[in-house]
Amino acid sequence: MAKDLQMSLLLDFYGSMLSEKQRELTSLYYNEDLSLGEISEDIGITRQGVRDSIKRSECQLIEFEDKLHLVKKYHNTKHTLNQMNDIIKNLEKYNDSDIKNETFSENIMQLKNLIEQIVDNN
């Protein structure tokens, strides 16, 4: 299951670098959860041909990630943003209970907005 999710994510990031046929077959297999036989019937090629194409696509997607690291960077960015949100929540609690400083509150709001902009652009 985790491998399927990872492959779907690789397909999201690098799918446009595959041929149209490879992208279609791989998407049907990983995103639509169709079996090799179902894809074979729908597309009109042998089950082995579908399997070979998907295997080639998997290798290419892994190779793209090994070279470009976009999925790894995405996960790292997401993790960092979650950490930043946790820090902001702690700062808000601190400000609400101890300081109640308007400038401090505005700075927290600016940080939240910046994080939101990063998330929206990804």
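Before reading on, note that the structure itself is shown above.
Since we're looking at a predicted model, the values are computed, not measured. (Residues numbered from 1 in each chain as written. Predicted model: local features only at pLDDT ≥ 70, side-chain atom pairs only at ≥ 80, totals over all residues. Heavy atoms only, no water.)

Undergrad: Tell me what's going on with the side chain of Thr26, and back it up with residues and numbers.
TA: Secondary-structure assignment places Thr26 in helix α2 (residues 20-30). Judged by relative accessible area, which is 0%, Thr26 ranks as buried. Contacts of Thr26, omitting those with residues within four sequence positions, involve Leu11, Asn31, Ile54, Ser57 and Leu61. (Helix = DSSP H or I, 4+ residues; strand = E, 2+ residues; numbered from the N terminus. Buried < 20%, exposed > 50% of the residue type's maximum accessible area, 1.4 Å probe, protein only. Contact = heavy atoms within 4.5 Å.)

Undergrad: Give me the lowdown on the environment of Asn85, citing residues and values where you can.
TA: Within the secondary structure, Asn85 sits in helix α5 (residues 70-99). Taking the C-alpha atoms as reference points, Asn85 and Ile118, 33 residues apart in sequence, are found 12 Å from one another.

Undergrad: Describe unusual backbone geometry, and please don't skip the residues or the numbers.
TA: Even without glycine at this site, Asp33 takes up a positive phi of about 60°. Take Asp33: it is sitting in the loop between α2 and α3 (36-43). Classification of Asp33 as exposed rests on a relative accessible area of 62%. Despite not being glycine, His69 has its phi angle at roughly 60°, a positive value. Structurally, His69 is set in the loop between α4 (47-68) and α5. Under the relative-accessibility criterion, His69 is labelled partly exposed at 35%.

Undergrad: Let's hear about the packing of α2 against α3: which residues, and what values?
TA: Relative orientation of the contacting elements α2 and α3 amounts to 135°, with a least axis distance of 9 Å. Looking at the two axes, α2 sits oblique to α3. The chirality of how α2 crosses α3 is right-handed. Here Lys21, Glu24, Leu25, Leu28 and Tyr29 of α2 come into contact with α3, specifically with Leu36, Ile39 and Ile43. Here the residues of the contact of α2 with α3 are counted per class, giving six nonpolar, no polar and two charged. (Axes fitted to C-alpha atoms, helices over the stretch in contact; angles between N-to-C directions. Parallel < 35°, antiparallel > 145°, perpendicular 65-115°, else oblique. Left-handed = near helix turned anticlockwise from the far one by under 90°. Nonpolar A, V, L, I, M, F, W, Y, C, P; charged D, E, K, R; others polar.)

Undergrad: Would you mind going over helix α1 (residues 2-14) in detail, with residue names and values included?
TA: Between its first and last C-alpha, α1 extends 18 Å over 13 residues, near the 18 Å set by a 1.5 Å rise per residue. Listing the buried residues of α1 in full gives Met7, Ser8, Leu9, Leu10, Leu11 and Tyr14. (Expected span 1.5 Å × (residues − 1).)

Undergrad: Requested: an account of the pattern of salt bridges, with residues and values cited.
TA: Per the counting criterion, the structure on display carries three salt bridges. Its salt-bridge partner being Lys55, residue Glu58 comes within 3.3 Å of it at the nearest N-O pair. Here the residue Glu58 and the residue Lys55 both occupy positions in helix α4, the gap between them amounting to three residues, near one helical turn. Residue Glu58 is classed as buried on the basis of its relative accessible area, which comes to 7%. Look at Lys55 and you get partly exposed, because its relative accessible area is 33%. Measuring nitrogen to oxygen at the nearest pair gives 3.1 Å for the salt bridge that ties Glu63 to Lys67. Of this pair, Glu63 and Lys67 are both found in helix α4, four residues apart, which corresponds to roughly one turn of the helix. Classification of Glu63 as partly exposed rests on a relative accessible area of 40%. The exposure class assigned to Lys67 is exposed, which follows from its relative accessible area of 60%. (Salt bridge = Lys/Arg side-chain N within 4 Å of Asp/Glu carboxyl O.)

By themselves, these observations are geometric and do not establish any function.
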